[in-house]
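Descriptive analysis of the structure
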Amino acid sequence: MNQTIQIALLGAGTVGGGVYKLLEKRRSELPQRVGADIQISAVLVRNVSRPRPGIDPVVLTDDWQSIVRNPDIKIVVELMGGIEPARTYIREALQAGKNVVTANKDLIAEHGAELFDLAEANHCDLQFEAAVAGAIPIIRPLKQCLAGNELTEIMGIVNGTTNYILTRMTQDGMEFDEALAKATELGYAEADPTADIEGYDAGRKVAIMASVGFHSRVRFSDVVCEGITSITATDIRFAREMGCTIKLLGVARNTPDGIEARVHPMLIPQSHPLATVNDAFNAVFVHGDALDDAMFYGRGAGEFPTASAVVGDIIDTCRNLLMGCTARIGCTCFKELPVKPAAEIDSKFFVRMKVDHRLGVLAGVTSVFGNTGVSIAQMVQHQTTDGCAELVVITDAVREKHFDDALTILCSMSMVREICSVIRVY
Ligand code: NAP
Ligand code: HSE
């Protein structure tokens, strides 16, 4: 009961600072909760002279070698972000026999296989719960609690910034730019929001969840990503008229002919549980053959929500160390399933277009869909003041390449003045 496990944090930013403070807050109970005290012996940063409220300056260092060469440090907690030097440091830590906890989705989504192999070879834990959906437990449930299932679908809202933006557009009628400015003002969006608004951040999380859930490696480069920059308040109004709301969804499906992995803005029925997930909250919806449906909901980012997941991983690793059973659950990707290209995926589509308001136009448009094998499920027409009509069509599920054929023909017709938006429908 008097053991102490020494750890090092790499990074003392939003998440690193949160982890430090949360471990301090739990300090008095750690021996009982974990079976050992956890001592933060070093915190690696770029700038050691910057004041860091709440962090003992004695532990700050900018010398990675002093950490990796210290045999007393048993766990390295990587919270720097990005690919390099995080990848090199994690590799060196594992090669030195140190266990690793990371929140780095970019790294796991692109170089996960290599790092898991190294962890297994060195008999170390490599834990990454915080890499997907912050505080929400999802990696451990997928790897452990749901291990008896054949999972066929994992989908959800896994980016808080874009969910906040879409919520403001839906509830307050804001346009995208205004909602993004509000997200930036509140600290949800980063100075460079590209990874969030273009869907890359969600795509990395989809790659990780699909790999873990379907036991087959899916890389970020396999995920089709589309962001929310072209969504307008008008699209949201039409979606509402058709009983739907627009969300940025990450969708991974395990189908008999391969894995589908993608991120799109999508219309979902207002009755779907994900439609009520608002502001910066995240939620992940999982379907399995034994489980049926389950939904995980909570805060996907921020200092303490993310620290919650990281500290959970640190404690789990400490318990494994104390029992001499690190590397108990390594890489679970034992299959090699194909990942479907976008053109081979079936989707339903919402198409909003401006057409001439005259006899025969509706017949012309519907015949294009009919001739290209695209079945129409719903249609709404609004007359506008400039002699044209705004037409919204929702299709049944169709192979994306057939839908693209229909769109190409529509674009070439003089009666179709503009294809304003094309959004997938769940
Ligand atoms: P952050 O606030 O930018 O902090 C990064 C920290 O890493 C800083 O303390 C920085 O040092 C240090 N650092 C960066 N490069 C370094 C280098 N080459 N050598 C030494 N120190 C270095 O980042 P964050 O938001 O905490 O995110 C950390 C990780 O958690 C990322 O992988 C991110 O994707 C993930 N994550 C974040 C959240 C969130 O809500 N923020 C949620 C889930 C996952 P200085 O302070 O000296 O600059
Ligand atoms: N930028 C991410 C989000 C942070 O908005 O959800 C957590 O990964």
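For clarity, every value in this text was computed on a predicted model and none was experimentally measured.

Quick look at the packing of helix 5 (residues 105-121) against helix 10 (residues 200-214)
The angle between the axes and the distance between the axes are what describe a pair of packed helices. Following both chains from N to C, one finds helix 5 and helix 10 inclined at 50 degrees, their axes separated by 9 Å at the closest point. Here helix 5 is positioned oblique relative to helix 10, judged by the angle of their axes. The two elements helix 5 and helix 10 meet at a crossing, and its hand is left-handed. In this structure, helix 5 contributes Lys105, Asp106, Ile108 and Ala109 to the contact, and helix 10 contributes Asp201, Arg204, Lys205, Ala207 and Ile208.

Here we look at the site of ligand 1
Around ligand 1, the surrounding shell holds 22 residues, and the nearest of these are Ala12, Val15, Asn47, Arg52 and Gly302. Within the side chain of Arg50, a nitrogen or oxygen atom sits 3.2 Å from an oxygen atom of ligand 1.

Digging into the site of ligand 2
Neighbouring ligand 2 are the residues Lys105, Asn159, Gly160, Thr161, Asp196, Asp201, Lys205, Gly300 and Ala301. In the environment of ligand 2, an oxygen atom lies 2.7 Å from a nitrogen or oxygen atom belonging to the backbone of Gly160. Between ligand 2 and Asp196, the relevant distance is 2.8 Å, taken from a nitrogen atom to a side-chain nitrogen or oxygen of the residue. Contact with the protein chains removes 85% of the 260 Å² of surface that ligand 2 exposes when unbound. Counted by class, the shell around ligand 2 contains one nonpolar, four polar and four charged residues.

Re the side chain of His215
Its place among the elements puts His215 in the loop between helix 10 and strand 8 (224-225). The class for His215 is buried, based on a relative accessible area of 19%. His215 has contacts with Ala210, Thr332, Cys333, Phe334 and Lys335, leaving out every residue within four places of it along the chain.

The rules we used
Residues numbered from 1 in each chain as written. Chains lettered and ligands numbered in written order. Predicted model: local features only at pLDDT ≥ 70, side-chain atom pairs only at ≥ 80, totals over all residues. Heavy atoms only, no water. Axes fitted to C-alpha atoms, helices over the stretch in contact; angles between N-to-C directions. Helix = DSSP H or I, 4+ residues; strand = E, 2+ residues; numbered from the N terminus. Parallel < 35°, antiparallel > 145°, perpendicular 65-115°, else oblique. Left-handed = near helix turned anticlockwise from the far one by under 90°. Contact = heavy atoms within 4.5 Å. Near = heavy atom within 4 Å. Polar contact = N/O pair within 3.5 Å; in protein donor to acceptor, adjacent residues only side chain to side chain. Areas by Shrake-Rupley, 256 points an atom, 1.4 Å probe, with all protein chains shown as cover. Nonpolar A, V, L, I, M, F, W, Y, C, P; charged D, E, K, R; others polar. Buried < 20%, exposed > 50% of the residue type's maximum accessible area, 1.4 Å probe, protein only.

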